[in-house]
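So the chains spell out like this:
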Amino acid sequence: MTSFSKMTPECLVQIKGALRPFPGWRHWHLDRVVSTQDSLREALRQGEREHLALSAGVQTHGRGRHGRTWDQEPEKDLALSILLKPKGRYPPLLLPFLLPTALFTALRTLGVPQGLLRIKWPNDLFLREKKIAGVLIEGEGSGAFLCGVGCNVERTKFPTELEGIASSLRLEGIDRIQYPELLLVFLMKIAGMVQEAEKGQWTKILRTYQEGFAWIGEEVVLATKGGGIQGRLIRLGPKGLQLSNGLRLDVGEVFGIRKVKGS
Ligand code: BTN
């Protein structure tokens, strides 16, 4: 695709074309919102169907997980929310795996080297050990989920408390990617993966998640409410996490995963 530094009518036409093979998928772009999650919730209340993706050039009060704020630079970073309704076709617990996997695959397609990029439990993306992207999934009742994705693309400044922890593609030396192009490729990946999930084919999605996660087979410590649990991680997916000693934990029981040094 042509590279666009800002969202333009031409780019919107390209996105529309890219979504044509996925019946029912629509994309709306708004210049300025408070949060794409709130705008999408409003669209849901107005009767919009699933498979609606809503992006924004400026998001003034983006939200992160655990009540945190999500800060972005206008027209430089990716902010979008997608309305999905798994409705008995695939488990809603697949969503925390599906969304980072689609972003991981989109960034790989755009040339970000796999060695630098990693999915961090449960659904953050890290580039050279710094967070560049996060996912917020909010259940709305009646089976609807608002799936928000934020990715730092071109920003170069962060608030002091995030310095050393967060980064962007640009700061890590990847300067060919701009958010409209990432949006287009991401939408194609997510629409494709949702289509596969709806047909009950999600083994490949989990395999790609595990590839990006990179700690399968490693000695890790799982952070749980009851404290840290150490073991060799052999599997993870919507059914939970499994250690080599046979211990299984539900997805929601594990707050964090760290690798044991030297293992
Ligand atoms: C996190 O890592 O805490 C999740 C961050 C999710 C941010 C995205 S940006 C688009 C969407 N709208 C929001 O208000 N939040 C999500």
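Residues numbered from 1 in each chain as written. Predicted model: local features only at pLDDT ≥ 70, side-chain atom pairs only at ≥ 80, totals over all residues.

Domain parsing of the protein chain yields domain 1 (9-213) and domain 2 (219-259). Relative placement of domain 1 and domain 2: their C-alpha centres are 25 Å apart. Taken together, the contact between domain 1 and domain 2 spans eight residues of the former and six residues of the latter. Grouping the constituent residues of the side of domain 1 that touches domain 2 by class yields eight nonpolar, no polar and no charged. (Domains from an automatic or database assignment. Contact = placed C-beta atoms within 7 Å. Nonpolar A, V, L, I, M, F, W, Y, C, P; charged D, E, K, R; others polar.)

As a further point, take the site of the ligand. By nearness alone, 19 residues border the ligand, and Ser35, Gly64, Gly134, Gly148 and Gly150 come closest of all. Elements represented by at least two residues in the shell around the ligand include exactly helix H2 (36-45), strand S3 (62-63), strand S5 (78-84), strand S8 (130-139) and strand S9 (145-151). (Near = placed C-beta within 6 Å. Helix = DSSP H or I, 4+ residues; strand = E, 2+ residues; numbered from the N terminus.)

Here we come to the sheet that holds strand S7 (residues 124-127). Read from one edge of the open sheet, seven strands run S1-S2-S5-S9-S8-S7-S6, paired in mixed fashion. Sheet topology places strand S1 (26-33) and strand S6 (117-120) at the edges, where each strand pairs with a single neighbour. Averaged over all adjacent pairs, the angle separating strand axes in this sheet is 20°, with direction ignored. Relative to S9, S5 is paired through seven bridges, and the arrangement is antiparallel. Directly across from Leu80, in S9, lies its bridge partner Val149. (Pairing = 2+ DSSP bridges. Axes fitted to C-alpha atoms, helices over the stretch in contact; angles between N-to-C directions.)

That bond from Trp121 to Pro122 is cis: its omega, -5°, falls within 30 degrees of zero. Mapped onto the elements, Pro122 comes out in the loop between S6 and S7. Positive phi is not limited to glycine here, since His66 has a value of about 55°. A positive phi angle is found at Arg128, which is not glycine, with a value near 45°. Mapped onto the secondary structure, Arg128 falls in the loop between S7 and S8.

Before going further, it helps to spend a moment on the packing of helix H3 (residues 95-109) against helix H4 (residues 179-198). Pairs of packed helices are described in terms of their axes, by the angle between the two and the distance that separates them. Closest axis-to-axis distance for the H3/H4 pair is 8 Å, and the angle between their directions is 135°. Compared by their axis directions, H3 and H4 come out oblique. Between H3 and H4 the crossing geometry is right-handed. Listed contacts from H4 to Leu98, Thr101, Ala102, Leu103, Thr105, Ala106 and Thr109 of H3 are Leu182, Val185, Phe186, Lys189, Ile190, Met193 and Ala197. Partitioned by chemical class, the residues of the contact of H3 with H4 number ten nonpolar, three polar and one charged. (Parallel < 35°, antiparallel > 145°, perpendicular 65-115°, else oblique. Left-handed = near helix turned anticlockwise from the far one by under 90°.)

Now for the pairing of strand S12 (residues 240-243). As judged from the four bridges shared by strand S11 (residues 227-237) and S12, these two strands associate in the antiparallel manner. Residue pairing across strands places Gly237 opposite Gly240, the latter belonging to S12. Taking the residues that link successive antiparallel strands as the turn, the S11-S12 hairpin has two residues. Bridge count between S12 and strand S13 (residues 248-249): two bridges; the pairing is antiparallel. Across the sheet, residue Gln242 finds its bridge partner in S13, namely Arg248.

In space, the five strands of this open sheet follow the order S13-S12-S11-S10-S14, with antiparallel pairing throughout. Both outer strands of the open sheet, S13 and strand S14 (256-259), are each paired with one neighbouring strand and no more.

The next thing to look at is the pairing of S11. Pairing geometry for strand S10 (residues 219-224) and S11, over six bridges, is antiparallel. Residue pairing in the sheet places Glu219 in a bridge with Arg232 of S11. The turn linking S10 back onto S11 is made up of two residues.

Membership of the largest hydrophobic core comes to 62 residues, with the highest contact counts inside it found for Leu103, Cys147 and Leu182. Residues within four places of Cys147 in sequence aside, it is in contact with Ser81, Ile82, Leu84, Leu95, Leu99, Val135 and Ile137. (Core = buried A, V, L, I, M, F, W, Y, C linked by C-beta atoms within 7 Å. Buried ≥ 20, exposed ≤ 12 C-beta atoms within 10 Å, placed from the backbone.)

All right, on to the packing of helix H1 (residues 9-19) against H4 then. Interhelical geometry of H1 versus H4 gives an angle of 15° and a closest axis separation of 10 Å. In terms of their interaxial angle, H1 and H4 are classed as roughly parallel. The hand of the H1/H4 crossing is right-handed. Across from Cys11, Gln14, Ile15, Ala18 and Leu19 in H1, the residues of H4 making contact are Pro180, Leu183, Leu184, Leu187, Met188 and Ala191. Partitioned by chemical class, the residues of the contact of H1 with H4 number ten nonpolar, one polar and no charged.

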